[in-house]
Amino acid sequence: MSVLVFIEAKNKVSKAALEAVSYGSKIGSTTVITFGDISSDELAIVGEYGGEKVLIHRGINKSNDQQLTNLIHAAVESSGATIVVLSQDQTGKSIGPRVAAKLNAGHVSGAIDLPDTSNGFQVNTNVFSGKAMATVAVHSDKKVISILPNSISPEKTGGSTTIEEFDADLGEGKIVVKEMKTQGEGIPLPEAELVVSAGRGLKGPENWGIVEDLAKTLGATTACSRPVADIGWRPHHEHVGQTGIAIRPNLYIAAGISGAIQHLAGVNGSKVIVVINTDAEAPFFKAADYGVVGDAFEVLPRLNEAFKKFHNSQN
Amino acid sequence: MKILVCISKSPDTTAKIAFTDGNSKFDENGVQYIVNPYDEWYALVRALELVEANGGTVTTITVGTAADDPTIRKALAIGANDAVRIDGQALDASYVAKQISEYAKDKNFDIIFTGKETINYNGAQVGGMIAENLNQPFISLATKLDINGETATLERDVQGGVEVVEVNTPFVISAAKGMAEQRIPNMRGIMAARTKPLNVVPAVDLENLTTVVSYSLPEAKEGCKYIDPENMDELVDLLHNQSKVI
């Protein structure tokens, strides 16, 4: 099978992009399509993860979903790919369905493992906001698979890649970007491997210093529960849960969050969950790997010191 | 201004998730259905606000059977002018998107709203597919939308931040948190919804491209290991040596 992987790479190829490349190379011969100003030196890493060829289109505005769709369509035609793979990040959510509609391809969004081709073509994806998994059969010849960040570990193949400039008529861009407000340098929540989260148990936004300190020590991204985002203690983009962001980090540390079913839905894909709560009856402990019954105001700083000690011992 | 809002039903957020028929079907036993929260709280309410400020109509559209009618009436009670139900099983996202596109293609809607995703399938597919089928721009994960004449200014979540964009009608958006606040239907709305038009139109004959073969539930955790709150060194040691996550 011939695979086309779409990646978005600003200055550097992200882990999510390498996940997609690695995923593609395990299905078949993989060509990568990308765009923008990224240098060929930075792109070369794609080869190490199984991308045999990179096609790059210089000078396109990423926000124009129609142009990106036309770009991927042109690359499908040129490479003869039958499977398109991309990351289920914000860009993937914007263009994955468009590409599928244009190719009349079945679309599996948020795949969590490799396709099973022993009986047709079946892929697993999370449904019911992470409370269950569905096995989806794709019937069409062409297929578009977007993969959930942190689901597949990128693996090196020891290969190398060739990089070719790719030109195609992308049509008109109807969306005009007026401004980009960046959310700082941190790792975006859906891609974060380590997440420190807190809820109403913290009693007020002025107390978040202990959460941020711990996150800083760990190199983790901060998150919060829905009530805390709703009352404005924390920004909405930090809200994880059924109606917020679903995450699947390696480690999720939750302090002062009781663990309502809607919150669990967004985090139960985490590999390891640590729950810190004063209430030993908090439902979150049932979903936890490690529980600490204690006051977050005492436990978080203590945990922070323990991590610092650990990091020093590792160096 | 003519607005179309795509409405899907989803199980109540506290519903027990279980499966029947050899794990091939969602177990509807005892499940209360609601309007998918993203469709209701953000898409529908913002559409109503725009029409209240600028004049026009809000039509809802659903691909489904008569079992969907109560959720459609709920959307009418919140304030939509009328509703369309395309009569058929929603087989997959491409099927739903094609049915809606087929209906909308000659009706000149200025804006087509979808929610960011449904809370049952989480596919986030239908909006982008409609946009492609109708050759319109798609503004995904929009958190803010204002309109001035034919030009809309939107904010949307993108990789690494928030983008402010401008686009002319017609376009398709998926609405995310921040777009509007939930509205509770009042008694007058509920009474009025009973007599508002709910037009049932036949589905176009189409094949689905994907099928859910089976469902499964995540494996239960082995149980929580409790750590002494005075001894965080032990927790760090377990995370490193046993769980190997740091």
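Let me sum up the structure you'll find in this document.

Cut-offs applied
- Residues numbered from 1 in each chain as written.
- Chains lettered and ligands numbered in written order.
- Predicted model: local features only at pLDDT ≥ 70, side-chain atom pairs only at ≥ 80, totals over all residues.
- Helix = DSSP H or I, 4+ residues; strand = E, 2+ residues; numbered from the N terminus.
- Buried ≥ 20, exposed ≤ 12 C-beta atoms within 10 Å, placed from the backbone.
- Contact = placed C-beta atoms within 7 Å.
- Expected span 1.5 Å × (residues − 1).
- Core = buried A, V, L, I, M, F, W, Y, C linked by C-beta atoms within 7 Å.
- Pairing = 2+ DSSP bridges.
- Axes fitted to C-alpha atoms, helices over the stretch in contact; angles between N-to-C directions.

**Some points on the overall build of chain B**
- Each helix and strand counted, chain B has 6 helices and 15 strands in total.
- Taken along its principal axes, the extent of the C-alpha atoms in chain B is 65 × 45 × 40 Å.
- Burial analysis of chain B (246 residues in total) assigns 49% to the buried set.
- Across chain B, the fraction of contacts at a sequence separation of at least 24, relative to all contacts at a separation of at least 6, is 71%.

**Considering helix H4 (residues 65-79) of chain A**
Residues and elements named next belong to chain A.
- For H4, with 15 residues, the first-to-last C-alpha span of 21 Å sits near the 21 Å given by 1.5 Å per residue.
- Most of H4 sits inside the fold, with 11 of its 15 residues counted as buried.
- At the C-terminal side of H4, Gly80 shows a positive phi close to 70°.

**Focus on the nonpolar core**
- Counting residues in each nonpolar core, the largest one holds 117 residues, and the members touching the most others are Val5(A), Ala20(A), Val84(A), Val85(A), Val5(B), Phe113(B) and Ile173(B).
- Of the residues forming this core, the biggest block, 8 residues, is contributed by helix H1 (residues 37-54) of chain B.
- Once residues lying within four places of it in the same chain are set aside, the contact partners of Val5(A) are Ala20(A), Val21(A), Gly24(A), Thr30(A), Val32(A), Gly51(A), Val85(A) and Leu86(A).
- Ala192(A), Ala215(A), Ala223(A) and Val228(A) belong to the second-largest nonpolar core, a separate cluster that totals 51 residues.

**Points about the sheet that holds strand E12 (residues 221-224) of chain A**
- Pairing within the open sheet is parallel, and its 6 strands lie in the order E12(A)-E11(A)-E13(A)-E14(A)-E15(A)-E15(B). Whereas interior strands pair on both sides, the edge strands pair on one side only; in this sheet they are E12 of chain A together with strand E15 (225-226) of chain B.
- Pairing analysis gives 5 bridges linking strand E13 (residues 251-255) of chain A to strand E14 (residues 272-277) of chain A, with the strands arranged parallel. Following the sheet pairing, Ala254(A) is matched in E14(A) by Val275(A).
- Contacts from helix H6 (residues 209-218) of chain A reach strand E11 (194-198), E12 and E13 of chain A within the one sheet, and its direction differs from that of E11(A) by about 175°.

Shape is all these values report; function is a separate question.
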